[in-house]
Amino acid sequence: MKFRKILSVLLVALMAVSVMIVPALAVDPYTTYSYDAWDNALPSQAGYEVINTVNGDDIGLWQLSDPTSEFYISENEPSTLSDSKDFFLSPNKEFYIADTGNNRIVKTDLDFNLLACYKYFPGSTSKHTVVDESGNEIEVDADELKSPYGVFVDEDDVIYIADRDNQRVVKCVEETKTSARILNEYYRPETPLYESVSFYCTKVVVDAAKNVYVICPAVNKGAIMFSDSGSFVGYYGANRVEVTAEVIRNKLWRKIASEQQIASLTKSTPVEYANFDIDKEGFIYTVTEVANASTDAVKKMNPAGYNILERTADNNEFGDQVSATYNGTTYATRLTDIAVSDDGFINILDYTTGRVFQYDERCNLLLIFGFDQEEQRGGFNNPNALETYGNNVYVLDGRNNDITTFGLTEFGQYVHDAIQLHNRGFYEEAYDLWQEVLKRDGGYYMALVGTAKALYNQDDYEGAMKYSKLSFYADEYDKAFEASRQETLRDNFTLYVIIIFLLVILYFVVKYLQKKGKIPKKLIATACGKVVDACKNAAVSVVDKIKKGGKGK
Amino acid sequence: MIYDMKPWQWVTHVIFHPTEGFEDMRWKKAGSLKISFFIVFLLFASQVFSTRYGGFAYNTRAYSDVFNIMPILVQSVAYYGTWVVSNWSICTLFDGEGNMRRVAIYTAYSLVPFIIGNTLSTALSYFLTLDESIWYNAISMIGLWWSVILMVFAMKACHQYSFTMTFVSMISTVAGMVLILCLLALIMSLFQQVYVFFATIYTEILYRFRS
């Protein structure tokens, strides 16, 4: 009896301990999802989680108004970011933040500690006038920026700034902690090819040959391309016109309408792209911000301006393909920024929902994270820009005036490792990782595809057929099916030959006997009749049973 | 040849003797309406079979969970019915000899190769890879065109037309089918609105009485 008592006390203690362990389970703070083969949103595991959020104070911008500091600019220099539009991670691992509202460029290290803040830009050689939005000619205040929208830094720490309201691109290098010396300026191209009056540049990218690519939202012929010396080279990689019903109708009208009528028709023009990024191999990636654009939403362009994703991508739909309407406002995907990591992952920022969509180099959707509840960490109000370093993803919010760092979770790490092996063709090596992914999210599309390919390579054709069915991948299924069919044929070849041989012999014997009159037609008829009778009886009995069952109830 | 065949033997006879089969059938006043309706049911069944079954690579849609029987019902039974009605009404105007019963029977009999081709190719798709899709396509195409040829001769024999007249009547039959289906859709939407109107009045009265 005593033994029993001790046992029961022990059991109770054990139970208490186990109950105390349970709450230690981590719960994701956000609902995350991914898309399956039918483009249905499925609940999924979080691939990224927020590591931290930094605002102007955390960066150390208070030092700008502290006279004792080396970063001192003036007494009333604001210590927060203001409507910041862009930031950039330089090849030397330093962040450059275009602080648009405060007309300055903030430079920090990877942990967002202040390194410099450029407010003054001496060295401008030319007095220049530009035409502003209301048509007045104004003189550029050449020594300062006026709402810088974009920033780019090359490996020699030469800074390129899209100085929007001064309508110029500035090329400069650091001089002191608060100023940068201008090396060159790129103004509105004085050529008939450039039709727009203004030059409101918003984004800038520079390639290895120091060609400068500039986006102006008013120009839809592509990015404006300058040589290093500042001369206009041409346009780069324009989008195509999205084919809609209206475009087709206009095209038909053009064939039959008179010239006056044609003049009154609206021109079908392509949409300009909103932002771009350049990867370490020199390919330029662009995104188009128009709601639910399906043509050229995301492009990867070679130096000639051709979109190579047309050939290499498995998928050409980006962002959420559905739009939602609340209180009369329609919310549709607006892709505002793109950032390509060193591993080739393509991250796309959706301005509307504040979500980041991560794709692999073949544009397969990997992870979706972030959302638009700005009160919560990891939620965004005006997500303006996106950057990546290693596995981290940084999002700049222009309303909250802060930068959020996302880090990979265990799930995201498995996905990344697996997809990298998968895309290099190491399907079998990726198998275990895909299994780990499937343990955490059984509906994860790429894991099903990866498992199917791995099983096919391991000669498990039945398994490959099962998983390619689950991932709705007809071509992969067909490959596995062909192999499995061949295998069964090879294994049972003698059996099949014997069966066919026997059937042929049987046919000839029956024919021969029929000819001799050994099997009268009546016999065949009675045999058939018996089979029919048996079927009839079976059917009747089944019907009776159903009837009885119905009455019994 | 002796033409004392059982009703179902007429079906095979007609299929394998397209040029004279239907003439024989007309001469002997053979052909059964029961068998015709059974064939139409088989047409419906084979359509269901080919949409819901088949090898995965050939028919991925069959493996999604959404299945609506209405389009298939329209594509088989409704098309057959409108064809018969439209053909009869047009050929009556064009001095055709066939009555509606005969149109129904001859049309149904000539559908058999299509049904067989459809079912066979679907069954075969379980054993074929995409590279061998030529067999799949060949069988369904042979079934389809065999049925088309049978249909031409069936209509020719049914109404005792020349070839040109047969083609003209068949094309106008298709036009008539489109017309009938359009009118049907119109009537249905109209009745829908009438129904909604009366339903609204009913609920309105109900509310008045209650309050």
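Everything numeric here is computed off the predicted structure, so don't read it as measured data.

Calculation criteria
- Residues numbered from 1 in each chain as written.
- Chains lettered and ligands numbered in written order.
- Predicted model: local features only at pLDDT ≥ 70, side-chain atom pairs only at ≥ 80, totals over all residues.
- Helix = DSSP H or I, 4+ residues; strand = E, 2+ residues; numbered from the N terminus.
- Rg over C-alpha atoms; globule rule 2.2 N^0.38 Å.
- Buried ≥ 20, exposed ≤ 12 C-beta atoms within 10 Å, placed from the backbone.
- Contact = placed C-beta atoms within 7 Å.
- Nonpolar A, V, L, I, M, F, W, Y, C, P; charged D, E, K, R; others polar.
- Domains from an automatic or database assignment.
- Pairing = 2+ DSSP bridges.
- Axes fitted to C-alpha atoms, helices over the stretch in contact; angles between N-to-C directions.
- Core = buried A, V, L, I, M, F, W, Y, C linked by C-beta atoms within 7 Å.
- Parallel < 35°, antiparallel > 145°, perpendicular 65-115°, else oblique.
- Left-handed = near helix turned anticlockwise from the far one by under 90°.
- Expected span 1.5 Å × (residues − 1).
- Bend = angle between axes of the 7 residues up to and from the residue.

Enquirer: I keep staring at the overall build of chain B and nothing clicks. Help me out?
Expert: A count of helical and extended segments in chain B gives eight helices and zero strands. N-terminal to C-terminal, the α/β element order of chain B is α-α-α-α-α-α-α-α. The globule rule puts the C-alpha radius of gyration for 211 residues at 17 Å, and the 22 Å found for chain B is more than 25% above it. A principal-axis box enclosing the C-alpha atoms of chain B has dimensions of 80 × 50 × 30 Å. The 211 residues of chain B split such that 34% are buried.

Enquirer: Just checking my understanding: could you explain the overall build of chain A for this structure?
Expert: Of the regular secondary structure elements, chain A holds twelve helices and 29 strands. Relative to the 2.2 N^0.38 estimate, which gives 24 Å for 553 residues, the radius of gyration of chain A is 34 Å and therefore markedly larger than a compact globule would have. Along the first, second and third principal axes, the C-alpha atoms of chain A reach 115 × 100 × 50 Å. When each of the 553 residues of chain A is scored for burial, the buried share is 37%. Put simply, 47% of the contacts in chain A that link residues at least 6 apart link residues at least 24 apart.

Enquirer: How should I be thinking about the interface of chain A and chain B in this particular structure?
Expert: Many analyses report the size of an interface as the accessible area lost when the parts associate. Taken together, the contact pairs eight residues of chain A with seven residues of chain B. It is helix α10 (residues 474-491) of chain A that provides the largest number of residues to the side of chain A that touches chain B, a total of five residues. Class assignment of the residues belonging to the side of chain A that touches chain B gives a composition of five nonpolar, no polar and three charged.

Enquirer: Looking at this model, I keep getting lost on the domain arrangement of chain A. Mind explaining?
Expert: All names here are of chain A. When the domains of chain A are assigned, the result is domain 1 (41-408), domain 2 (422-491) and domain 3 (493-552). Each of domain 1 and domain 2 was reduced to a C-alpha centroid, and the two centroids are 40 Å apart. Taken together, the eight residues of domain 1 in the interface contact six residues of domain 2. For the side of domain 1 that touches domain 2, the class distribution of residues is two nonpolar, three polar and three charged.

Enquirer: Hey, could you run me through the sheet that holds strand β5 (residues 95-99) of chain A in this one?
Expert: Remark on secondary structure: sheet strands pair via backbone hydrogen bonds, oriented parallel or antiparallel. All names here are of chain A. Taken together, four strands build an open sheet; the order of strands is β4-β5-β6-β7 and the sheet is antiparallel. Unpaired on one side and paired on the other, β4 (86-89) and β7 (114-118) mark the two borders of the sheet. Recorded for the sheet is a direction-independent mean angle of 15 degrees between the axes of neighbouring strands. Bridge analysis of strand β6 (residues 104-108) against β7 gives four bridges, and the strand direction is antiparallel. The residue of β7 that forms the bridge with Thr 108 is Leu 114.

Enquirer: Can you help me understand the pairing of strand β23 (residues 335-340) of chain A in this one?
Expert: Where a strand is regular, its side chains alternate between the two sheet faces. All names here are of chain A. When you tally the buried positions in β23, you get six out of six residues, the bulk of the element. Pairing of β23 with strand β24 (residues 346-350) involves five bridges; the strand directions are antiparallel. Within the sheet, the bridge partner assigned to Val 340 lies in β24 and is Ile 346. In this antiparallel pair of consecutive strands, β23 and β24, the connection spans five residues, and Gly 344 shows a positive phi of 90 degrees.

Enquirer: I would appreciate a short explanation of the pairing of strand β17 (residues 232-236) of chain A in the present structure.
Expert: Residue and element names in this part refer to chain A. Taken together, the four bridges between strand β16 (residues 223-226) and β17 define a ladder with antiparallel strand orientation. Its bridge partner being in β17, Ile 224 is matched across the sheet by Tyr 235. If you look at the hairpin formed by β16 and β17, you'll find five residues sitting between the two strands, and Gly 230 has a positive phi there, around 110 degrees.

Enquirer: Just to check I follow, could you spell out the nonpolar core for this structure?
Expert: One broad trend across soluble globular proteins is that nonpolar side chains are buried collectively. Counting 127 residues, the largest nonpolar core has Val 151, Ile 161, Val 169, Val 204 and Val 214 of chain A as the members making the most contacts within it. Taken domain by domain, the makeup of this core includes at least three residues from each of domain 1 (41-408) and domain 2 (422-491) of chain A. Beyond its immediate stretch of four places on either side in the chain, Val 151 of chain A contacts Asp 86, Phe 87, Phe 88, Tyr 96, Ala 98, Ile 105, Ile 159 and Ile 161 of chain A. Tyr 106, Ala 108, Ala 154 and Met 177 of chain B belong to the second largest nonpolar core, which has 33 residues in total.

Enquirer: Would you mind showing me how to read the environment of Ile 546 of chain A here?
Expert: Inspection of the secondary structure puts Ile 546 of chain A in helix α12 (residues 521-552). When the C-alpha atoms of Ile 546 of chain A and Gly 123 of chain A are compared, they prove to be 97 Å apart, with 423 residues separating the residues in sequence.

Enquirer: Would you mind showing me how to read helix α9 (residues 461-470) of chain A here?
Expert: Since there are 3.6 residues in each turn of an α-helix, residues three or four apart along the chain are aligned in direction. Residues and elements named next belong to chain A. Residues Tyr 461, Ala 464, Met 465, Tyr 467, Ser 468 and Leu 470 constitute the buried set of α9. Against the buried residues of α9 lie α8 (445-457) and α10. A positive phi of about 60 degrees marks Phe 472, the residue just after α9.

Enquirer: Help me understand the environment of Asp 65 of chain B in this model?
Expert: Inspection of the secondary structure puts Asp 65 of chain B in the loop between α3 (33-52) and α4 (69-93). When the C-alpha atoms of Asp 65 of chain B and Arg 52 of chain B are compared, they prove to be 9.9 Å apart, with 13 residues separating the residues in sequence.

Enquirer: How should the sheet that holds β17 of chain A be read in this particular structure?
Expert: Residues and elements named next belong to chain A. An order of β14-β15-β16-β17 is seen for the four strands of this open sheet, with the pairing classed as antiparallel. Both outer strands of the open sheet, β14 (203-206) and β17, are each paired with one neighbouring strand and no more. Between one strand and the next, the sheet's axes are offset by a mean angle of 25 degrees, whatever the strand orientation. In this structure, β14 lies alongside strand β15 (residues 212-215), joined through four bridges in antiparallel fashion. Residue pairing in the sheet places Val 206 in a bridge with Val 212 of β15.

Enquirer: Where do I start with the packing of α3 of chain B against helix α6 (residues 112-124) of chain B in this structure?
Expert: When two helices pack together, you describe them by how their axes are tilted relative to each other and by the distance separating the axes. All names here are of chain B. At a minimum axis separation of 9 Å, α3 and α6 run at an interaxial angle of 25 degrees. Between α3 and α6, the angle is such that the two are roughly parallel. Crossing geometry of α3 relative to α6 is assigned as left-handed. Judged by residue contacts, Ile 39, Leu 42, Leu 43, Ser 46, Phe 49 and Ser 50 of α3 engage Val 112, Ile 115, Asn 118, Thr 119 and Thr 122 from α6. Of the residues that constitute the contact of α3 with α6, the class distribution is six nonpolar, five polar and no charged.

Enquirer: Where do I start with helix α7 (residues 427-440) of chain A in this structure?
Expert: Residues and elements named next belong to chain A. Compared with an ideal rise of 1.5 Å per residue, which puts 14 residues at 20 Å, α7 spans 20 Å between its outermost C-alpha atoms and is within 8% of the ideal. Of all the bends found along α7, the most pronounced is centred on Leu 433 and spans about 30 degrees. Within the span of α7, buried status applies to Tyr 427, Ala 430, Tyr 431, Leu 433, Trp 434 and Val 437.

Enquirer: What exactly am I supposed to notice about unusual backbone geometry here?
Expert: Note on backbone geometry: most residues besides glycine have negative phi, and most peptide bonds are trans. Residues and elements named next belong to chain A. Positive phi, close to 45 degrees, is recorded for Asp 83, a residue that is not glycine. Tracing the chain through its elements places Asp 83 in the loop between α2 (56-59) and β4. Despite not being glycine, Asn 103 has its phi angle at roughly 55 degrees, a positive value. Relative to the assigned elements, Asn 103 resides in the loop between β5 and β6. Taking the number of C-beta atoms within 10 Å as the measure of exposure, Asn 103 has 18 and is therefore partly exposed.

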